[in-house]
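# Structural overview
As a plain string of letters, each chain reads:
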Amino acid sequence: MLIILLGPPGAGKGTQAERIVQEHQLAYVSTGDILRNAVKEQTNLGRKAKQYMDQGQLVPDELVVEIVKDRLTDPDCAEGALLDGFPRTVTQADFLEQALPGIGINIDRVVSIEVKEEELIERLTGRRVCSECGASFHLKFKPPKVRNVCDVCGGDLYQRDDDTFETVKERLEVYKKQTEPLIAYYEKKGILSPVDGNQDIDAVFNQINKILEKI
Ligand code: AP5
Ligand code: MG
Ligand code: ZN
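Residues numbered from 1 in each chain as written. Chains lettered and ligands numbered in written order. Predicted model: local features only at pLDDT ≥ 70, side-chain atom pairs only at ≥ 80, totals over all residues. Heavy atoms only, no water.

## Looking at the packing of helix α2 (residues 31-40) against helix α4 (residues 61-72)
Their axes nearest at 11 Å, the elements α2 and α4 cross at an angle of 105°. In terms of orientation, α2 lies roughly perpendicular with respect to α4. Of α4, the residues touching α2 (which contributes T31, I34 and L35) are V64, I67, V68 and R71. (Axes fitted to C-alpha atoms, helices over the stretch in contact; angles between N-to-C directions. Helix = DSSP H or I, 4+ residues; strand = E, 2+ residues; numbered from the N terminus. Parallel < 35°, antiparallel > 145°, perpendicular 65-115°, else oblique. Contact = heavy atoms within 4.5 Å.)

## Things to note about helix α7 (residues 165-179)
In this model, α7 (15 residues) spans 20 Å end to end at C-alpha, consistent with the 21 Å of a helix rising 1.5 Å per residue. Among the residues of α7, those classed as buried are T167, V168, R171, L172, V174, Y175 and T179. Looking down the long axis of α7, one finds its buried residues gathered within 165° of arc, a one-sided arrangement. Exposed and oriented more than 90 degrees from the buried face of α7 are E166 and K177. Elements in contact with the buried residues of α7: β1 (2-6), α3 (44-54), α6 (117-125), β5 (127-130) and α8 (181-188). (Expected span 1.5 Å × (residues − 1). Buried < 20%, exposed > 50% of the residue type's maximum accessible area, 1.4 Å probe, protein only. Arc of directions from axis to C-beta.)

## As for α3
Along α3, the residues classified as buried are G46, A49 and M53. All buried residues of α3 fall inside an arc of 75° around its axis, so they share one side. Exposed and oriented more than 90 degrees from the buried face of α3 are N44 and R47. Those residues of α3 hidden inside the fold are in contact with α2 and α7. A positive phi of about 80° marks G56, the residue just after α3.

## A few points about the site of ligand 1
Neighbouring ligand 1 are 35 residues; T15, R88, R127, F137 and R171 lie closest to it. Within the backbone of G12, one N or O atom sits 3.0 Å away from an oxygen atom of ligand 1. K13 has a polar backbone atom sitting 2.8 Å from an oxygen atom of ligand 1. In isolation ligand 1 offers 1000 Å² of accessible surface; the protein chains occlude 97% of this area. Elements represented by at least two residues in the shell around ligand 1 include exactly α1 (13-24), α2, α6 and β6 (136-138). (Near = heavy atom within 4 Å. Polar contact = N/O pair within 3.5 Å; in protein donor to acceptor, adjacent residues only side chain to side chain. Areas by Shrake-Rupley, 256 points an atom, 1.4 Å probe, with all protein chains shown as cover.)

## With respect to the coordination of the zinc ion (ligand 3)
Around the zinc ion (ligand 3), the protein contributes the donor atoms C130 (SG), C133 (SG), C150 (SG) and C153 (SG), at 2.3 to 2.4 Å from the metal centre. For the zinc ion (ligand 3), the single-chain donor residues occur in sequence as C-x2-C-x16-C-x2-C. Overall, C130 belongs to the buried group, its relative accessible area being 3%. (Donors = N, O, S within 2.8 Å, 3.2 Å for Na, K, Ca; no water.)

## Comments concerning the nonpolar core
By size, the foremost hydrophobic cluster in this structure holds 33 residues, and its most contacted members are L2, L72, F86, L96, I107, V110 and Y186. Going through the elements one at a time, β1, β2 (27-30), α3, α4, β3 (81-84), α5 (90-103), β4 (107-114) and α8 are the ones with two or more residues in this core. By size, the runner-up hydrophobic cluster in this structure holds 22 residues, among which are L26, I113, V204 and I211. (Core = buried A, V, L, I, M, F, W, Y, C linked by side-chain atoms within 4.5 Å.)

## Side note on the pattern of salt bridges
Tallied over the entire structure, the rule returns 16 salt bridges. A salt bridge links E117 to K176, with the nearest nitrogen and oxygen atoms 3.1 Å apart. Pair noted here: E117 is in helix α6 and K176 is in helix α7, with a separation of 59 residues, a long-range link. Classification of K176 by relative accessible area gives partly exposed; the value is 37%. Measuring nitrogen to oxygen at the nearest pair gives 2.9 Å for the salt bridge that ties R171 to D163. Neither R171 nor D163 differs from the other in exposure class; each is buried. Among the charged side chains, a salt-bridge network with shared partners connects R127, R160, D162, D163 and R171. (Salt bridge = Lys/Arg side-chain N within 4 Å of Asp/Glu carboxyl O.)

Dropping the structure here:
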């Protein structure tokens, strides 16, 4: 099974992914997390990616496509995977379509989380992320039980470098230009399921579950 989570920055892809992979036993593939790890470890990829990420721009397709190609052939993906943040351009979507038959998987559903722009800005600027396990929190909407400490693993929480107001605005622009066309792309293929992401976290999860149970 392969599920794609599509949606603008701050839509709640990571938040929902955490619960979906548990409930449906899927491998979690987040290109954002993989890139942030590469930046932290100062690998070659990390050094190249950082300049784009800090400016709210997309990392070039060639680099991201290689990451995904590698990751999808890991043994844990054989049982099924959830893609968060990939594909993000039509080029990436075309690549996936060509690569999947060789890996022996196909896309079952593209879940598109839709959220109003004002809400996205508030979600991103108030987000805090665990430095150990990557879990997402929010100062107002999902505060951790203990200030600045992850509920899941006890790690320290931090604010992502690209969650400043200016970079958030840029990321939203980039989303509209480069990623939003994928909604029509997958709609045409008949595998798109839109979800109202303006609701609270549990309500969004329930809606996604109903879609996945039908697969
Ligand atoms: P990436 O890490 O993928 O970031 P993004 O797509 O901008 O999305 P976010 O992670 O910011 O948002 P999210 O939807 O996961 O929201 P979350 O659940 O955390 O990518 C980062 C960068 O890496 C890109 O800019 C690019 O440079 C590069 N990159 C990555 N993939 C790439 C690719 N394929 N190609 C090229 N470049 C790539 O929620 C946000 C906040 O809201 C949290 O605080 C959360 O607690 C809260 N929240 C969530 N749901 C709700 C709700 N229902 N109600 C209230 N609050 C909520
Ligand atoms: Mg995310
Ligand atoms: Zn944690």
